[in-house]
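Structural characterization, general
Here is what each chain is made of, one letter per residue.
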Amino acid sequence: MMLVALTACGSKDSGSAKIKFATDAAYAPMEYMDKGKMTGFDIEFLDAVMKEAGISYEVVNTGWDTMLTSVEQGKEYQGGISSVSITEKRKESYDYSIPYFESINMILVKEGSPVKSAADLKDKKVAVQISTTADTLMSGIMGADNKSLKRMDNNTLALMELENNGVDAVVADVAIVSEYVKNNPNKKLVAISDPKNFESEYYGILLPKGSELKAKLDPAIKKIIENGTYTTVYKKWFGQEPDTKKLLEQK
């Protein structure tokens, strides 16, 4: 696997060793490659956090599974950022920063599809990215061993499967689904929200269990949310105001 690194320094460099974060840069607009450069909301958010904390760091595009494994080991990578939802199951293996982004899963189908909610997907072919909350949700709805539930290595492959009529629907985070629909108006796609079956979830920076980095990141995240830096980055990528009050209420 080719690894692409993005290196940056905090504005108040503490002189300690550079922190390495892993990511899966295939989640536009959250983190993705654009002309060989890593960019996206998460990338700019992390840069603001690390500058506030005064810590030198770099981000490496490792892919999803490698990120999860390497951050859990806590040796080569001291953290991960890649639209990682905070779940009770993951908390058994990882620590997290405080929440920094509210998300929800959505259903993507082609125009004319009979699918109107998650309940309609039980007897359909559905693509998800493996080991994501979409995978967990659809395993519960369709059955974990259902062969019609296609677990792909990344969301790009899941979306391609829908384009090629290999599945009836894709389930993924709202940011990914909304961005894809916006960038592909000629493909006649429909994004469906289902808050009854898909509840809001929150992203956090992924950390190894017992990480000392959490004590430095949490105050920096809180500070950039409170001082407006977070809102500036959010509006750049999503064109609207974030609900920072609700975000700060999360634990």
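What counts, and at which threshold
Residues numbered from 1 in each chain as written. Predicted model: local features only at pLDDT ≥ 70, side-chain atom pairs only at ≥ 80, totals over all residues. Heavy atoms only, no water. Helix = DSSP H or I, 4+ residues; strand = E, 2+ residues; numbered from the N terminus. Rg over C-alpha atoms; globule rule 2.2 N^0.38 Å. Buried < 20%, exposed > 50% of the residue type's maximum accessible area, 1.4 Å probe, protein only. Contact = heavy atoms within 4.5 Å. Lys, Arg positive; Asp, Glu negative; His and termini not counted. Charge placed at Lys NZ, Arg CZ, Asp CG, Glu CD. Phe/Tyr/Trp six-rings, centres within 6.5 Å; stacked < 30°, edge-to-face > 60°. Lys NZ or Arg CZ within 6 Å of the ring centre and 35° of its normal. Polar contact = N/O pair within 3.5 Å; in protein donor to acceptor, adjacent residues only side chain to side chain. Axes fitted to C-alpha atoms, helices over the stretch in contact; angles between N-to-C directions. Parallel < 35°, antiparallel > 145°, perpendicular 65-115°, else oblique. Left-handed = near helix turned anticlockwise from the far one by under 90°. Nonpolar A, V, L, I, M, F, W, Y, C, P; charged D, E, K, R; others polar.

**Concerning the overall build of the protein**
The helix and strand inventory of the protein stands at nine helices and 16 strands. Against the globule reference of 18 Å for 251 residues, the protein gives a C-alpha radius of gyration of 18 Å, in line with a compact fold. Residue burial in the protein is summarised as follows: out of 251 residues, 51% are buried. Once local pairs closer than 6 in sequence are excluded, the contacts in the protein between residues at least 24 apart make up 73%. Separation of charge centres in the protein, based on 32 positive and 36 negative side chains, amounts to 2 Å.

**Notes on the packing of aromatic side chains**
Counted by the stated rule, this structure contains 16 aromatic pairs. Taking 6.3 Å as the distance between ring centres and 75° as the angle between the ring planes, the aromatic pair formed by Phe21 and Tyr57 counts as edge-to-face. Placement of the pair is Phe21 in strand β2 (residues 19-23) and Tyr57 in strand β6 (residues 57-61), with a sequence separation of 36 residues. Residue class for Phe21 comes out buried when judged on its relative accessible area of 0%. Accessibility expressed as a relative area gives 1% for Tyr57, which makes it buried. Ring plane angle 55° and centroid distance 5.4 Å describe the contact between Phe41 and Phe101, whose orientation is recorded as tilted. Placement of Phe41 in helix α1 (residues 41-53) and of Phe101 in strand β9 (residues 101-103) is noted, with a sequence separation of 60 residues between them. Here Phe41 and Phe101 have matching classes, each one buried. Aromatic ring contacts, followed pair by pair, group Phe41, Phe45, Tyr100, Phe101, Tyr203, Tyr230, Tyr234 and Phe238 into a single cluster. In this arrangement the basic side chain of Lys20 is found over the ring face of Tyr77, its NZ or CZ atom lying 4.9 Å from the centre.

**So, the environment of Val71**
Along the chain, the position of Val71 falls in helix α2 (residues 64-73). Val71 sits in the buried class, given a relative accessible area of 0%. When near neighbours in sequence (up to four residues on either side) are disregarded, Val71 contacts Tyr77, Gly79, Gly80, Tyr94, Leu206, Leu207 and Pro208.

**Some words on the environment of Glu44**
For Glu44, the position within the fold is in helix α1. Taking the C-alpha atoms as reference, Glu44 lies 19 Å from Leu207; in sequence the two are 163 residues apart. Apart from residues lying up to four places away in sequence, Glu44 is in contact with Val233, Lys236 and Trp237. A distance of 2.5 Å separates the side chain of Glu44 from the side chain of Lys236, its partner in a polar contact.

**Overview of the packing of α1 against helix α8 (residues 229-238)**
Remark: α1 packs on α8, axes separated minimally by 10 Å, with the N-to-C direction vectors making an angle of 165°. Taken together, α1 and α8 sit at an angle that is classed as roughly antiparallel. Handedness of the crossing formed by α1 with α8: right-handed. Across the interface between the two elements, Phe41, Glu44, Phe45 and Ala48 from α1 touch Thr229, Tyr230, Val233, Tyr234, Lys236, Trp237 and Phe238 from α8. When the residues that make up the contact of α1 with α8 are grouped by side-chain class, the tally is eight nonpolar, one polar and two charged.

**With respect to the packing of α1 against helix α7 (residues 214-226)**
Close contact between α1 and α7 brings their axes to 8 Å; oriented N to C, the two are set at 110°. Put simply, α1 runs roughly perpendicular to α7. For the pair α1 and α7, the crossing hand works out as right-handed. Here Phe45, Ala48, Val49, Met50, Glu52 and Ala53 of α1 come into contact with α7, specifically with Lys216, Leu217, Ala220, Ile221, Lys223 and Ile224.

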